[in-house]
Amino acid sequence: DSCINALPFDVDDLHICGKDEEIDGLGGVLGSAGPSFFRRDFTTRKWTTITGAMRFDTADIANLVKLGTWESVILHEMGHVIGIGTLW
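Reading the values: the criteria
Residues numbered from 1 in each chain as written. Predicted model: local features only at pLDDT ≥ 70, side-chain atom pairs only at ≥ 80, totals over all residues. Heavy atoms only, no water. Helix = DSSP H or I, 4+ residues; strand = E, 2+ residues; numbered from the N terminus. Buried < 20%, exposed > 50% of the residue type's maximum accessible area, 1.4 Å probe, protein only. Contact = heavy atoms within 4.5 Å. Lys, Arg positive; Asp, Glu negative; His and termini not counted. Charge placed at Lys NZ, Arg CZ, Asp CG, Glu CD. Salt bridge = Lys/Arg side-chain N within 4 Å of Asp/Glu carboxyl O. Pairing = 2+ DSSP bridges. Axes fitted to C-alpha atoms, helices over the stretch in contact; angles between N-to-C directions.

Draft legend 1. Main features of the overall build of the protein chain. Assigned secondary structure in the protein chain consists of two helices and three strands. For the protein chain, the N- to C-terminal ordering of α and β elements is β-β-β-α-α. Counting the 88 residues in the protein chain, one finds 26% classified as buried. Across the protein chain, the fraction of contacts at a sequence separation of at least 24, relative to all contacts at a separation of at least 6, is 61%. Of note, the protein chain has its 7 positive side-chain charges centred 10 Å away from the centre of its 13 negative side-chain charges.

Draft legend 2. Highlighting the pattern of salt bridges. Within the structure shown, the criterion is met by two salt bridges. Between Glu21 and Lys19 there is a salt bridge, with the nearest N and O atoms lying 3.5 Å from each other. Notably, a salt bridge pairs Glu21 with Arg55, separated by 2.7 Å at the nearest N-O pair. Taken together, the residues Glu21 in strand 1 (residues 15-21) and Arg55 in strand 3 (residues 47-57) connect sequence positions 34 residues apart. Each of Lys19, Glu21 and Arg55 takes part in one network of salt bridges that share partners.

Draft legend 3. Main features of the sheet that holds strand 1. A sheet is described by the order of its strands in space; here three strands give the open sequence 1-3-2, paired in mixed fashion. Strand pairing shows two members of the sheet lacking a second neighbour, strand 1 and strand 2 (31-40), which therefore form its edges. Averaged over all neighbouring strand pairs, the angle between strand axes comes to 15 degrees, with direction disregarded. Contacts between helix 1 (residues 58-67) and the sheet are confined to strand 1 and strand 3, with strand 3 contributing the most and set at about 90 degrees to the helix. The strands that helix 2 (residues 70-82) touches are strand 1, strand 2 and strand 3; relative to strand 3, the one it contacts most, it runs at about 145 degrees.

Next up, the structure:
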């Protein structure tokens, strides 16, 4: 389950690991994502993601590219990494 791109020693803003793998075949789950590690802002007391992971179903990628929706699916999963639907 580890990503090909290793987590850097210092994360200034956000590090996202993305990988393509078999999930459930054509037309089901397109991808999934979520935060892995967090940092707390001592001024606002809010938690933010510093690293997260995204995965995409290899069976769906070619069709998403053909339909022109591949980038939208990536952005959707990035939202889960930063906390939409996962932290808040």
